[in-house]
Number of protein chains: 2
Amino acid sequence: MKYISHKDLTKMTSRYRAQMINSLSGFKSANLVGTCNGDQLNNLAIFSSVVHLGSSPALVGFITRPDSVERHTLENIKRTQRYTINQVNESFWRKAHQTSARYEANECEFMKTGLTAEYVDKINAPFVKESSLKYALILKEIIPIELNGTLLVIGEITDIFCAEHAVKADGYIDLEALNTITITGLDSYHTSNRLSRVSYAKPDTLLSNLSIDGKT
Amino acid sequence: MKYISHKDLTKMTSRYRAQMINSLSGFKSANLVGTCNGDQLNNLAIFSSVVHLGSSPALVGFITRPDSVERHTLENIKRTQRYTINQVNESFWRKAHQTSARYEANECEFMKTGLTAEYVDKINAPFVKESSLKYALILKEIIPIELNGTLLVIGEITDIFCAEHAVKADGYIDLEALNTITITGLDSYHTSNRLSRVSYAKPDTLLSNLSIDGKT
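Reading guide: rules and limits
Residues numbered from 1 in each chain as written. Chains lettered and ligands numbered in written order. Predicted model: local features only at pLDDT ≥ 70, side-chain atom pairs only at ≥ 80, totals over all residues. Heavy atoms only, no water. Helix = DSSP H or I, 4+ residues; strand = E, 2+ residues; numbered from the N terminus. Buried < 20%, exposed > 50% of the residue type's maximum accessible area, 1.4 Å probe, protein only. Contact = heavy atoms within 4.5 Å. Areas by Shrake-Rupley, 256 points an atom, 1.4 Å probe, with all protein chains shown as cover. Lys, Arg positive; Asp, Glu negative; His and termini not counted. Charge placed at Lys NZ, Arg CZ, Asp CG, Glu CD. Buried area = accessible area lost by both parts, 1.4 Å probe. Salt bridge = Lys/Arg side-chain N within 4 Å of Asp/Glu carboxyl O. Polar contact = N/O pair within 3.5 Å; in protein donor to acceptor, adjacent residues only side chain to side chain. Nonpolar A, V, L, I, M, F, W, Y, C, P; charged D, E, K, R; others polar. Pairing = 2+ DSSP bridges. Least-squares fit on C-alpha atoms with pLDDT ≥ 70 in both.

Details of the overall build of chain A
So, point 1. Across its full length, chain A carries five helices and 14 strands.
So, point 2. Its C-alpha atoms put chain A at 55 × 55 × 30 Å along the principal axes.
So, point 3. When burial is assessed residue by residue, chain A has 61% of its 216 residues classed as buried.
So, point 4. Of all intrachain contacts in chain A linking residues separated by at least 6 positions in sequence, the fraction that spans at least 24 positions is 57%.
So, point 5. By element, 48% of the accessible surface of chain A is carried by carbon and sulfur atoms, the whole surface being about 8700 Å².
So, point 6. Separation of charge centres in chain A, based on 24 positive and 23 negative side chains, amounts to 5 Å.

If you want it as structure tokens, here you go:
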């Protein structure tokens, strides 16, 4: 085992440390956040920090910095209170990564990367047509994390669109059937292979494998 | 595409909704949080909400509920200010899932699941011996999310242990080489296949693939 002390961390170059620390949390979600500036200019940015917060109400969060390339996303969300989250799949993961380039505020990442904006009545934020699992949210709260100046942006899910075949009998969505990809570190993209679904854990009871539909 | 409205969400059974909403954020990290109650009784609990917050300082967060089976974890962290995060790999993912059973406060998940507690000098929280990438943290802040009564627990990384062969030249850690697994929904476990590492995105520049060491 390699041991890295707190002192070692402080001596690393910031790029090396960023690569290493970004690897520690494990596999990350890959999502495009779609917003509009309220004046017909769309923005699209990849986030690897989208995290489930609760099912009832249906709340999802993501972490952003106020001063990063993602700031257009944040400004638009503050202005319109609306955004979409679009899972990245194997068919457009390179285009999704490309949205992290430092485009100007007046440049549209859809245009620049070749992804397709899709509109749904009464939702003033663009979806990504190429995504097979996507949803609209209403901003509920932005919580500042003063330790490092980041923000936790929390939204409530209002409208979900998902490829029909991936929705299973018990509500589980088969992300593998959608070719949803996952991220490690800052720049590595992966597909997945299911080991199994397993039963709800109970003390002194052996786990059993479940079918994809959640049946024993 | 299947469309699910906000109204549809409110009509679902809570189990169906939990399965569905837990699928929406995408792939999740799989980590065991190790704590001690300060009186030599260890606790170990699986979390799928561990999220990277920043590299400098090295901050990691996770979401917990005050009233769930994870409450022993929270109580212990509040008491000792210390905890460990241990990535789950393919060799013990079933034991890791089993830690989510509702054991009593005086029962030790290490004993109950057959995982091995490992101690490091001056760190009063147990590591999981079977994990190939693990680190100790000091509690920095617990931020309440009042929208649903959950908490964001934030710690600073102090000591990292990682299998030597997985640490690459530029600091990236190859989670695939460690057989780290990832979670979808509430109960599905997956291994991964790397598509590629890719270069830092710049406007009007084509992405290039990187080697596992981060070289073009």
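Regarding the interface of chain A and chain B
So, point 1. Between chain A and chain B, the residue contacts involve 105 residues of the former and 105 residues of the latter.
So, point 2. At the boundary of chain A with chain B, total buried surface from both sides reaches about 9100 Å², with 60% on carbon and sulfur atoms.
So, point 3. Salt-bridge contacts for Asp187(A) lead to Arg197(B); the nearest nitrogen and oxygen are separated by 2.7 Å.
So, point 4. At the junction of chain A with chain B, the criterion picks out 58 residue pairs in polar contact (both at pLDDT 80 or more).
So, point 5. Per element, the largest residue contribution to the side of chain A that touches chain B is 11 residues, and it comes from strand E13 (residues 188-198) of chain A.
So, point 6. Along the lines of polarity and charge, the residues of the side of chain A that touches chain B split into 46 nonpolar, 37 polar and 22 charged.
So, point 7. Looking at chain direction, strand E11 (residues 150-162) of chain A and strand E1 (residues 2-5) of chain B are connected through four bridges and run antiparallel. Its bridge partner lying in E1(B), Ile160(A) is registered against Ile4(B).

Some remarks on the pairing of strand E3 (residues 31-36) of chain A
All names here are of chain A.
So, point 1. The buried fraction of E3 is high, at six of six residues.
So, point 2. Neither face of E3 is left uncovered, since the one carrying Asn31, Val33 and Thr35 and the one carrying Leu32, Gly34 and Cys36 both have all their residues buried.
So, point 3. With four bridges connecting them, E3 and strand E7 (residues 82-87) associate as antiparallel partners. When the sheet's bridge partners are listed, Asn31 is paired in E7 with Gln87.
So, point 4. Hairpin remark: E3 followed by strand E4 (residues 42-47), antiparallel, with five residues in the connecting loop; positive phi at Gly38, about 90°.

Observations concerning the relation of the copies chain A and chain B
So, point 1. With an axial shift of 0.0 Å and an RMSD of 0.0 Å, the rotation relating chain A to chain B amounts to 180°. Those values place the two copies in the arrangement expected of a two-fold rotation axis. For chain A, the minimum C-alpha distance to the rotation axis belongs to Ser192(A) and amounts to 2.1 Å.
So, point 2. Looking at chain A, 100% of its interface residues are interface residues in chain B too, so the copies touch through the same face.

None of the figures reported here should be taken as evidence of function without further support.
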